[in-house]
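Breakdown of the fold
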Amino acid sequence: MMDDDEDGDTIIADDLSIDGNENSTNNNEITSAEAAERRYAKQRYRSWMSMLIISTFVCSVLIASVKFFAPGRFYSEEDTTTTYDIFGSGDNGMGDSANQRRLEDALDYLVTKEVSDVITLLPNNTMSPQYMAAIWISSIDQHRINIPKADGTSSKDEYPFLQRYSLAVLFLSTGGMSWIYRLNFLSGTHECAWFTVFRSDDLPPDQGYAMGAWCDKNPGTLTERDQDDNLWESAIVTDIHLLPNNNAVGRLPSELRHLRYLKTLRIYEQAFIVGEIPSGYGDLRNLQILDLEANQLGGPIPSSFKFLNKMTLLNLRRNRLTGISADAINQMDKLAALALDSNMIPGKLPEFNLPNLYGLTLSDNAFTGQIPISMAGLSNLEMLALDHNKLTGSLDILEGMTHLTHVYLDNNKWDHEINDGFFAGHDNITHLDMSNCSIRGIVPDHFFKFPKLEVLDLSRNLLEGDLPGPAIASTNDTTTKLQYLSLHSNNITGPIPQGISKLKSLKHLDLSVNKMIGSINEELGELKGLEYLFLGNNDFSAGKFPAWLQNLTNLEELSLKNNNLSGEIPEWIGELTRLVLLDLGENFLNGTLPDSMGDLTKLWILILNSNNLRGSIPSSFRQLEYLETLLIDDNSFKGNTAPVCEGRGMDRITHFVSDCASNSSTSATAASGSIGGWEDPVLAEIECECCTLCCLDEDITCNDDEWIAHHEGHWQSGYERVYWDFEENGIVSEVTDAYDTLAQAWGLP
């Protein structure tokens, strides 16, 4: 975040020249074959230097090509009508002869000092990002920076040149000329001003989010060449933060390794950034934050990262990484947050020894085996995400980690039984997700006494017994903050406990697919903050449609599937106008559909199949324009489906099942009385032009799937619904943009 008029002091560096640090990683791990190739490339380079006598012509053609293919338009976020030509007039005003000498000097320096791979700087590779950057900085750049000598006699010129060149290579290596916002890159200003400030409603008018490159201590705007040269030469870029989803395409350039004062490097959410992380980034010894999330980066995490001992946050999640060296990561003794989830890393969990680590996410990889004993040494750990792997064994190691606040263990195969002693001392727990991981035991009563607990997901396990009614009844607004309680798909018995209404903060309650008995507790009607209520597929006593539901006007998803409900659907159902999912299937409901159902204009999913409903589809259904799934089969509807089908054009319903089939036929066998396995011809009960499946009442196998739309919450999406998945029948549609909990918790953008 930056103020518009932010202005810092000048950085005075004693030595900004290239040093010969023997620990430098840019030459490490080079095989003899690669070394021979580079020696040969250098020989070719020198033999071809004579060709540069005609490079004035080459430069002119290249400049013309660059200007033709990339006119360099940047649209500022404040005024999209304002444009800037990043190539200026096409040259730096020094003349062809002077520019020719500058190009020769630049190439000579870059090759001799091995700033870039020599192969990228050969005269037959003039369209490489490196050669293009050399052309730009020597012949086009309005700043006309001094070109350092290859013999080292102009050391004060080296780092300013390296900094500007490396950033130019970054721009060109990632398709900068097609970026949506150019972020002021390759402009005539100093690199400290290569950023754009983006306004946001959550900030004061004079502040915004800076995207691009900037300096810790910025010596003014540095927009004019006649300012003090010392200011230009000593201004050091310390932060690179590229705008996400900015149409960047290409690879991360190894040249960034030369920016050895860099503290922050954030290049994330770029779907077309590919390749591996350059091992040379291990030279960035001052780097504190490296955020490369959500690119398409592959290969292992470089072992050279062992030199990054100032690192505090390493975020490489949502890539295609395939390997990690715990020994290298363990050298980052200041590391506080390590995010490696959603990659392709196989093998056993790494044995980390990071005393300052408070956040560790290893979800969605291919890890196997048990939790290593060494994890008990991560005594300051607050967030642990091991979900969606193939992990097994006991969870006892976690018992002593009492600082844990967010624990995600779901979708593994743990061999563990939980009881009233499990996690008993973890009063800091805020999120606990152990869903779908084969755990046995009971729902401990002390879980409902955790004062900070907001999310408890124990669904899809082997839990038994009654819910702890006394513990639930003893809660109040000060002793519980529970908002999300999911216990579906277990073997929980007994009634919905008395005192359930004490859980006033609940927004999400899923008790479905268990063995619960008794009547549906009307105390649920006091939980007026509920947005999601699933009670289906239990053994509740028969009863009428619950009248207390009329109080829950915040409901967005309601499932009472297979709950022995009878009677008519009440007219007041239309008051629940926030509903996007309504599942009343597999009950004994009768009567006609109330016209007020047309007031549920946000409905995406309506499941009414396998009831005793009759009559026609109300004309008010024309208002349900977002409807994507409609199941009305195995009822006694008559007429047609015009209120649903007409006026939709190509926007057809994804799943629409009704009793629109007929076994009558014009064939000769129609008269025989044995068509399709039925003795008598059966005509369609309802006419449907847009149904995706037509059924006969007599065909018990038609649409016999359960159509259960459980919400399987994930921490990465803040436990918000992202899509509806009906398992056998597939995903209906995405419904919301995932909110990144990690970004919120760790301050990532």
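Just so you know, these numbers come straight off a predicted model, no measurement behind them.

Rules of the game
Residues numbered from 1 in each chain as written. Predicted model: local features only at pLDDT ≥ 70, side-chain atom pairs only at ≥ 80, totals over all residues. Heavy atoms only, no water. Helix = DSSP H or I, 4+ residues; strand = E, 2+ residues; numbered from the N terminus. Contact = heavy atoms within 4.5 Å. Areas by Shrake-Rupley, 256 points an atom, 1.4 Å probe, with all protein chains shown as cover. Pairing = 2+ DSSP bridges. Buried < 20%, exposed > 50% of the residue type's maximum accessible area, 1.4 Å probe, protein only. Core = buried A, V, L, I, M, F, W, Y, C linked by side-chain atoms within 4.5 Å. Phe/Tyr/Trp six-rings, centres within 6.5 Å; stacked < 30°, edge-to-face > 60°. Lys NZ or Arg CZ within 6 Å of the ring centre and 35° of its normal. Axes fitted to C-alpha atoms, helices over the stretch in contact; angles between N-to-C directions. Parallel < 35°, antiparallel > 145°, perpendicular 65-115°, else oblique. Nonpolar A, V, L, I, M, F, W, Y, C, P; charged D, E, K, R; others polar. Disulfide = S-S within 2.5 Å. Expected span 1.5 Å × (residues − 1).

The next subject is the overall build of the protein. A count of helices and strands for the protein gives 10 helices and 42 strands. In the protein, the share of contacts with a sequence separation of at least 24, taken over all contacts with a separation of at least 6, comes to 60%. Surface exposure of the protein reaches about 31,100 Å², of which carbon and sulfur atoms provide 49%.

What follows is about the environment of Leu340. Locating Leu340 in the fold gives a position in the loop between β12 (337-339) and β13 (346-348). With residues near it in sequence (within four places) discarded, Leu340 still touches Ile301, Leu316, Arg317, Ile324, Thr361, Leu362, Ser363 and Asn365.

Okay, the sheet that holds strand β22 (residues 440-441) next. Spatial strand order, β20-β22-β24-β26-β28: 5 strands in an open sheet with parallel pairing. Edge positions in the sheet fall to β20 (417-418) and β28 (515-516), since each of these pairs with one other strand and no more. Summarising the sheet, β22 and strand β24 (residues 462-466) pair through 2 bridges and their orientation is parallel. From the neighbouring strand, Arg440 faces β24, where its bridge partner is Leu462.

Of the two faces of strand β34 (residues 588-591), the one lined by Leu589 and Gly591 is fully buried and the one lined by Phe588 and Asn590 carries no buried residue. Sheet topology places strand β32 (residues 565-568) next to β34; 3 bridges connect them, and they run parallel. Bridging across to β34, Ser566 finds its partner in Phe588.

We now examine the nonpolar core. Counting residues in each nonpolar core, the largest one holds 171 residues, and the members touching the most others are Phe185 and Ile240. Secondary structure elements with two or more residues in this core: α3 (96-112), α4 (129-140), α5 (158-173), β3 (207-215), β4 (237-241), α7 (326-330) and α9 (642-645). Examining the composition of this core, we find that 10 residues originate from one element, α5, more than from any other. With near-sequence residues (within four places) excluded, Ile240 lies in contact with Leu167, Leu170, Gly212, Ala213, Leu256, Leu259, Leu262, Thr264, Leu265 and Arg266. Among the nonpolar cores identified, the runner-up in size contains 14 residues, and Phe534, Val580, Leu581 and Phe726 belong to it.

Strand order across the open sheet formed by 5 strands is β30-β32-β34-β36-β38, with parallel pairing between neighbours. The sheet is open, and its two edges are formed by β30 (543-544) and β38 (636-637), each paired on a single side.

Turning to the environment of Leu183, a few remarks are in order. Among the secondary structure elements, Leu183 is positioned in the loop between α5 and β2 (195-198). The buried category is assigned to Leu183, whose relative accessible area is 0%. Leu183 sits 14 residues away from Val197 along the chain, and the two C-alpha atoms are 8.6 Å apart.

For the structure on display, the rule yields 17 aromatic pairs. Ring geometry for Phe185 against Trp194: centres 5.3 Å apart, planes inclined by 40°, an arrangement best described as tilted. Using a relative accessible area of 0% as the deciding quantity, one classes Trp194 as buried. By the ring-pair criterion, three or more aromatic residues cluster together here, those being Trp136, Phe171, Trp179, Phe185 and Trp194. Between Arg285 and the ring centre of Phe307, over which it is positioned, the NZ or CZ distance is 4.4 Å.

Take the packing of α3 against α5 next. One way to put it is that α3 packs onto α5 with a least axis distance of 13 Å and a crossing angle of 90°. With respect to α5, the element α3 is oriented roughly perpendicular. Only Glu158, Phe161, Leu162 and Tyr165 of α5 make contact with α3, whose side of the interface consists of Ala106, Tyr109 and Leu110. Of the residues assigned to the contact of α3 with α5, the class counts are 6 nonpolar, no polar and 1 charged.

All chains considered together, the criterion is met by 5 disulfides. With its sulfur 1.8 Å from that of its partner, Cys192 forms a disulfide with Cys215. Note on the Cys192 and Cys215 pair: the S-S dihedral is about -80°, so by sign convention the disulfide is left-handed. Taken together, the positions of Cys192 in the loop between α5 and β2 and Cys215 in strand β3 put the pair 23 residues apart, joining distant regions of the chain. The two residues Cys192 and Cys215 agree in class, both being buried. Shown here is the disulfide that connects Cys695 with Cys702, its sulfur atoms set 1.9 Å apart. Every disulfide takes its handedness from the sign of the S-S torsion; for Cys695 and Cys702 that torsion is -70°, giving left-handed. Considered together, Cys695 and Cys702 belong to a single accessibility category, that of buried residues. Of note for the protein: the bonded cysteines, numbered N- to C-terminal, pair according to 1-2, 3-6, 4-8, 5-7, 9-10.

Because an α-helix packs 3.6 residues into every turn, residues spaced three or four apart end up facing the same way. With 16 residues, α5 should cover 22 Å at 1.5 Å per step; its first-to-last C-alpha distance of 22 Å lies within 8% of that length. Of all the 16 residues making up α5, 16 are buried; the element is thus mostly covered by neighbouring parts of the structure. Just downstream of α5 lies Gly175, where phi reads positive at about 65°.

The subject of this paragraph is unusual backbone geometry. Look at Glu269: it is not a glycine, yet its phi comes out positive at around 55°. On the basis of relative accessibility, which here comes to 22%, the residue Glu269 falls in the partly exposed class. A positive phi is found at Asp634, a non-glycine position, where the angle reads about 60°. Considering the arrangement of structural elements, one finds Asp634 in the loop between β37 (629-631) and β38. A relative accessible area of 34% places Asp634 in the partly exposed class.

In the case of a regular strand, side chains alternate between the two sheet surfaces. Burial of β4 is extensive: 5 of the 5 residues sit out of reach of the surface. Both β3 and β4 contribute to a ladder of 4 bridges, which runs antiparallel. Counted as the bridge partner of Cys215 is Val237 from β4. Where β4 meets strand β6 (residues 264-266), 3 bridges bridge the pair, whose relative direction is parallel. Considered in β6, the bridge of Ile240 is made with Leu265.

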